[in-house]
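# Structural characterization, general
Read off the chains here:
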Amino acid sequence: MSKFFQYLKTKAFRRTLIGIIIFIVAFFLAIYFGLSQYTRHGNKIMLPDTKGMNITEASKTLKDKGLRVEIDSIYQMDEQPGKVIDQDPEPGSGVKRNRTIYLTMITQSAPEVEFPDIVDKNLIEARAIITNNSLKIGDTTYIADIARDVILEVKFGGHSIKPGTSIKKGSTIDLVLGDGRGPNEIHIPNLLGLTLNEAKFAITGSGLVLGDVHYEGSVLDSLNAKVIEQDPAIEKKVVSIGSIVNLTLSED
């Protein structure tokens, strides 16, 4: 044991100890600097803000900085196709070279949906259905029909479109609706041979107005008198809605 302690006091031991220490320090320094070089410790890239850029411009900007890019796409109505709307990691983040940056862009082509059935629905209900299907309303045309604000026909690109037809999201459709007033002209009802009450019912039901009532000859019972002449005559065929009809009645 005494020889061991004597050896610890020798120059040979000191040189060996110093050599071991130097080796250990050099070993750890090599590992430290090697890992720093491998991981590029402290050499971070500050991410630019690519939101709002076109996807081509955004990809080039990131790749020029030595970064990788992966792209996802979604559809949003009224947004410019190809526009970057999201970035991960966020702008201003420090990342290492070759890091993958994930971009979300507006798809170049809109997906398709089946056109919903909105015929015979009122405008408020139809508008909600159209919006929920990511479509737009273009022109609204009103025609004579007793159904007010009810969808009578739907057009796309100037042609009628049927429910179930595939159409791209964001497309604009045109609506044809009833104005609630019905046709402007109607056929004259044939009132000849009707009693006054029957004629009144037919006139009112046709959207016309009873005018003057005349009796020809001796009329003892006006309730049983029959129409023998009407003006306008049935030969005229059609008149404007709200027109006045004059009657001549007789018991003979």
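Residues numbered from 1 in each chain as written. Predicted model: local features only at pLDDT ≥ 70, side-chain atom pairs only at ≥ 80, totals over all residues. Heavy atoms only, no water.

- As annotated in an unreviewed UniProt entry, the chain carries the name PASTA domain-containing protein and comes from Candidatus Sphingobacterium stercoripullorum.

## Focus on helix α5 (residues 196–205)
- Residues of α5 that are buried include every one of L196, A199 and I203, and no others. The buried residues of α5 all sit within an arc of 60° when viewed along its axis, so they share a single face. Turned more than 90 degrees off the buried face of α5, the exposed positions are F201, T204 and G205.
- Taken together, the buried residues of α5 touch β13 (209–215), β14 (226–231) and β16 (244–250).
- Looking one or two residues past α5, G207 carries a phi angle of roughly 80°, positive in sign. (Buried < 20%, exposed > 50% of the residue type's maximum accessible area, 1.4 Å probe, protein only. Helix = DSSP H or I, 4+ residues; strand = E, 2+ residues; numbered from the N terminus. Arc of directions from axis to C-beta. Contact = heavy atoms within 4.5 Å.)

## Some thoughts on the sheet that holds β13
- Taken in spatial order, the 3 strands line up as β13-β16-β14 in an open sheet, and their pairing is mixed. Of all strands in the sheet, those with a lone pairing partner are β13 and β14, marking the two edges. Across this sheet, the average inter-strand angle for adjacent strands is 30°, counted without regard to direction.
- Where β13 meets β16, 5 bridges bridge the pair, whose relative direction is parallel. Paired with L210 across the two strands is V245, which belongs to β16. (Pairing = 2+ DSSP bridges. Axes fitted to C-alpha atoms, helices over the stretch in contact; angles between N-to-C directions.)

## What to know about helix α4 (residues 123–132)
- Residues L123, A126 and I130 constitute the buried set of α4. One side of α4 holds all its buried residues, which, seen down the axis, span an arc of 65°. Relative to its buried face, α4 has exposed residues pointing more than 90 degrees away, namely I124 and N132.
- The secondary structure elements touched by the buried residues of α4 are β7 (136–143), β8 (151–156) and β11 (172–178).
- Residue N122 occupies the N-cap position of α4, its side-chain oxygen lying 3.2 Å from the main-chain nitrogen of I124.
- One or two steps after α4, the chain reaches S134, where phi turns positive at roughly 55°. (Polar contact = N/O pair within 3.5 Å; in protein donor to acceptor, adjacent residues only side chain to side chain.)

## Focus: a negative patch on the surface
- A cluster of like negative charges, contributed by E216, E229, D231, E251 and D252, occupies part of the molecular surface.
- Of note, E216 is situated in the loop between β13 and β14.
- On the basis of relative accessibility, which here comes to 45%, the residue E216 falls in the partly exposed class. (Patch = residues over 30% accessible without salt bridge, like charges linked within 9 Å, V, L, I, M, F, W, Y side chains within 5 Å. Areas by Shrake-Rupley, 256 points an atom, 1.4 Å probe, with all protein chains shown as cover. Salt bridge = Lys/Arg side-chain N within 4 Å of Asp/Glu carboxyl O. Lys, Arg positive; Asp, Glu negative; His and termini not counted. Charge placed at Lys NZ, Arg CZ, Asp CG, Glu CD.)

## Regarding the nonpolar core
- Counting 14 residues, the largest nonpolar core has F115, I118, I151, V154, I167, I173 and L175 as the members making the most contacts within it.
- Listed by contribution, the elements that provide at least two residues to this core are α4, β8 and β11.
- The contact partners of I118, leaving out residues within four places of it in the chain, are A126, I129, I130, I151, V154, I173 and L175. (Core = buried A, V, L, I, M, F, W, Y, C linked by side-chain atoms within 4.5 Å.)

## Re the pairing of β8
- Note that β8 and β11 share 4 bridges and pair antiparallel. By the bridge assignment for β11, E153 is matched with V176.
- Here 2 bridges tie β8 to strand β9 (residues 159–160), and the two strands are oriented antiparallel to one another. Note that in β9 the partner of K155 across the bridge is S160.

## Overview of the UniProt feature "domain: PASTA" (unreviewed entry) in the chain
- Summarizing the sequence annotation, UniProt attributes the feature "domain: PASTA" (unreviewed entry) to residues 41–107, 109–179 and 182–251 in the numbering used throughout.
- Helix makes up 14% of residues 109–179 and strand 41%, whereas the separation of the span's terminal C-alpha atoms amounts to 37 Å. (UniProt positions renumbered as here; feature names shortened; annotations may be inferred.)

## Regarding the side chain of D179
- For D179, the position within the fold is in the loop between β11 and β12 (185–187).
- Exposure remark for D179: the relative accessible area of 11% places this residue in the buried category.
- From its side chain, D179 meets the backbone nitrogen of D145 in a polar contact 3.1 Å long.
- For D179, the residues in contact, after removing those within four places along its chain, are Y142, I143, A144, D145, A147 and R148.

## Describing the sheet that holds strand β3 (residues 84–88)
- With mixed pairing, the 3 strands of this open sheet are ordered in space as β2-β5-β3. Unpaired on one side and paired on the other, β2 (68–74) and β3 mark the two borders of the sheet. For this sheet, the mean inter-axis angle between neighbouring strands, taken without regard to orientation, is 25°.
- The sheet contact formed by β2 and strand β5 (residues 100–106) spans 7 bridges and is parallel. Residue pairing in the sheet places I71 in a bridge with L103 of β5.

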